[in-house]
Amino acid sequence: MEISVDPVGLTPPYEQVRSQIEALIRAGELARGTRLPTVRQLSLDLGLAVNTVARAYKELEADHLVETRGRNGTFVLASRSQINDATTHAAAVAFARAAHKAGLSLAEATQILTHAW
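Here the structure is a predicted model, which is why all the values come from computation and not from measurement.

Draft legend 1. Quick peek at the packing of aromatic side chains. Evaluation of the coordinates by the stated rule reveals 0 aromatic pairs. The ring of Tyr14 carries the charged tip of Arg55 above its face, separated from the ring centre by 3.7 Å. Arg69 extends its terminal NZ or CZ atom over the ring of Phe75, reaching a point 4.2 Å from the ring centre.

Draft legend 2. Representation of the pattern of salt bridges in the model. This structure, assessed with the given rule, holds 5 salt bridges. Between Glu59 and Arg55 there is a salt bridge, with the nearest N and O atoms lying 3.3 Å from each other. With Glu59 and Arg55 both in helix H3 (residues 50-62) and 4 residues apart, this pair spans about one turn of that helix. When the shortest N-O distance is used, the salt bridge between Glu67 and Arg69 registers 3.0 Å. Overall, the relative accessible area of 38% leaves Arg69 in the partly exposed class. Through salt bridges with shared partners, a single network forms among Glu15, Arg18, Glu22 and Arg26.

Draft legend 3. Geometry of the nonpolar core. Ile21, Ile25, Leu30, Leu36 and Tyr57 are the most contacted members of the largest nonpolar core, which has 17 residues in total. Elements supplying a minimum of two residues to this core: helix H1 (13-26) and H3. Excluding residues that lie within four positions of it along the chain, Leu36 makes contacts with Met1, Ile21, Leu30, Tyr57, Val66, Thr74 and Val76.

Draft legend 4. The arrangement of the layout of surface pockets in detail. Considered as a void within the structure, the largest pocket measures approximately 190 Å³ in volume. Along its surface, the largest pocket is lined by 14 residues, and Val39, Thr68, Gly70, Gly73 and Thr74 are the ones closest to its centre. The element contributing the most residues to the lining of the largest pocket is H3, with 4 residues.

Draft legend 5. The confidence of the model for the protein, seen in detail. Scored by pLDDT, the protein comes out at a mean of 91, with 94% of its residues at no less than 70. When pLDDT is averaged over each helix and strand of the protein, the minimum, 80, is found for helix H4 (residues 80-101) and the maximum, 97, for helix H2 (residues 39-46).

Draft legend 6. Seen up close, a nonpolar patch on the surface. A cluster of nonpolar side chains, namely Phe95, Leu104, Ile112 and Leu113, defines an oily patch on the protein surface of about 310 Å² accessible area. Taking relative accessible area as the criterion, Phe95 reaches 31% and is therefore assigned partly exposed.

Calculation notes
Residues numbered from 1 in each chain as written. Predicted model: local features only at pLDDT ≥ 70, side-chain atom pairs only at ≥ 80, totals over all residues. Heavy atoms only, no water. Phe/Tyr/Trp six-rings, centres within 6.5 Å; stacked < 30°, edge-to-face > 60°. Lys NZ or Arg CZ within 6 Å of the ring centre and 35° of its normal. Salt bridge = Lys/Arg side-chain N within 4 Å of Asp/Glu carboxyl O. Helix = DSSP H or I, 4+ residues; strand = E, 2+ residues; numbered from the N terminus. Buried < 20%, exposed > 50% of the residue type's maximum accessible area, 1.4 Å probe, protein only. Core = buried A, V, L, I, M, F, W, Y, C linked by side-chain atoms within 4.5 Å. Contact = heavy atoms within 4.5 Å. 1 Å grid on protein atoms, 1.4 Å probe; cavity = no way out; pocket = protein on both sides within 12 Å on 5 of 7 lines; lining within 4 Å. Points joined across faces, edges and corners; volume = space filled by probe spheres on them. pLDDT = per-residue confidence, 0-100. Patch = residues over 30% accessible without salt bridge, like charges linked within 9 Å, V, L, I, M, F, W, Y side chains within 5 Å. Areas by Shrake-Rupley, 256 points an atom, 1.4 Å probe, with all protein chains shown as cover.

What follows is the structure in structure tokens.
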């Protein structure tokens, strides 16, 4: 797992760590069940405070992407397909509701979707 932090960047370090781990999960590079480095180890590797990495992990946990199992460590909870399926399903439902509300037929909605594809 390769993560880098720009200490002078506009984005806070914890957010840089969080977003990079999330991107690795979404890309499928970190599979469900993968054990992440300990907070202490990752903070040493990146030259960050322990609390900075802990905050990144807590935010990933709040998003149901990882799970901390006490002394056993932090593990990837979601798989790429679960994230994509949930996101895709929510987008499809929103599109279907909007198309229905606009009075579009299924064929018209499908044509819009096909064009957007």
